[in-house]
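# A structural walkthrough
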Amino acid sequence: MPESQRNHSMPHSFPSLIALARETLSNPRGGARAVLSLGLPEGVLWQMLVAIVSISVLLTQLGEYLVPAPMDPLTPVFRANPLLTAVVQGGLLVVTVYAIHVIGRRFGGRGDFAGALALTVWLQALMVGLQVVQTLFLVALPPVAGLVGLFGIGLFFWLLSHFVAELHGFFSAIKTFAAIIASMVAIILGMSLFMSILGITFGGALSDV
C-alpha cells in the first residue's frame, strides 16, 4: 500500500485493542489488514516497539523472580542485566522487521517497510499479552505456565506466517511459513559465521561475566 494511501486511510480513532486482538486470533489476515489500514507513522511505530519491549522485559524479570530456577547459563546473565535483555530483544525485532520487508520483496511481495514494522509491533503486542497470562499462571499453576509458553511459540509462527502472507500478497500461509523457517535458518547460520569470524562465542562471553 502506497504511503499516501496509507496516511489517507488512517482513522480518527483507534479500534478497541481487545476487539482487534480477537479478530486477529480468529482471522489473522483480516487482523493484519485492520492493522495496516491504521496507517500509523513509522516514528509512532518505533516508539510503540520500544514500549512493548520494555513491558516484555519487565514481565520477564518478574517471571524470573517468581520462579528463580535458571534453565541455561545465559539466564542469570540476562536476569542481572535487564538493559542487555532489552537490547537483545529489541535487536531481534529490528532484524525481524527488515527480514520481513527485504526477504518478502525478494520473493515478489508488494509490502512496504512501514507495514512490516506495524505488523511486527502488533505481533509482539499480542505476545506480550500472552506473556501476562503466562506470568499469572506462574503464580497460580506453574506447570500450566510451561504449556502456555509452548502454545505461544506455535501462535507466534502461525500469526507471523499469515501476517507476512497478507502484507506481501502471498496466497499460501503454509508456503510462507516454510520460507520463514528457511530464512531464519539462513540468518542464524550467517550470524554464527560472522560471530565466529570475530572470535565471539557464548562461552567466551560467559567467562567474562
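What this report covers is the structure whose coordinates are included nearby. (Residues numbered from 1 in each chain as written. Predicted model: local features only at pLDDT ≥ 70, side-chain atom pairs only at ≥ 80, totals over all residues. Heavy atoms only, no water.)

The next subject is the packing of aromatic side chains. Using the criterion set out here, one finds four aromatic pairs in the structure. Ring centres of Trp46 and Phe113 lie 6.2 Å apart, and the angle between their planes is 40°; this geometry places the pair in the tilted category. A residue pair is termed long-range when its members are at least 10 positions apart, and Trp46 in helix H4 (residues 42–66) and Phe113 in helix H7 (residues 113–140) qualify at 67 residues. Overall, Trp46 belongs to the partly exposed group, its relative accessible area being 28%. Taking the relative accessible area as the measure of exposure, Phe113 reaches 14% and is therefore buried. Each ring, one from Phe157 and one from Phe177, has its centre 6.1 Å from the other, and the planes form 85°; the classification is edge-to-face. (Phe/Tyr/Trp six-rings, centres within 6.5 Å; stacked < 30°, edge-to-face > 60°. Helix = DSSP H or I, 4+ residues; strand = E, 2+ residues; numbered from the N terminus. Buried < 20%, exposed > 50% of the residue type's maximum accessible area, 1.4 Å probe, protein only.)

Time to look at a nonpolar patch on the surface. Judged by side-chain polarity, Phe177, Ile181, Met184, Val185, Ile188 and Leu189 come together as a nonpolar surface patch covering roughly 510 Å² of accessible area. With respect to the secondary-structure elements, Leu189 resides in helix H9 (residues 173–197). In this structure Leu189 comes out as exposed when scored by relative accessible area, which is 57%. (Patch = residues over 30% accessible without salt bridge, like charges linked within 9 Å, V, L, I, M, F, W, Y side chains within 5 Å. Areas by Shrake-Rupley, 256 points an atom, 1.4 Å probe, with all protein chains shown as cover. Salt bridge = Lys/Arg side-chain N within 4 Å of Asp/Glu carboxyl O.)

The contact between H7 and helix H8 (residues 142–168) brings their axes to 9 Å, and the two run at 170°. The angle between H7 and H8 places the two elements in the roughly antiparallel class. Classifying every residue of the contact of H7 with H8 by side-chain character gives 21 nonpolar, four polar and no charged. (Axes fitted to C-alpha atoms, helices over the stretch in contact; angles between N-to-C directions. Parallel < 35°, antiparallel > 145°, perpendicular 65-115°, else oblique. Nonpolar A, V, L, I, M, F, W, Y, C, P; charged D, E, K, R; others polar.)

A few words on helix H3 (residues 28–37). Of all ten residues in H3, seven are buried; the element is thus mostly enclosed. Those residues of H3 lying buried are Pro28, Arg29, Gly30, Gly31, Ala32, Val35 and Leu36. Among the residues trailing H3, Gly39 stands out with phi positive, at a value near 60°.

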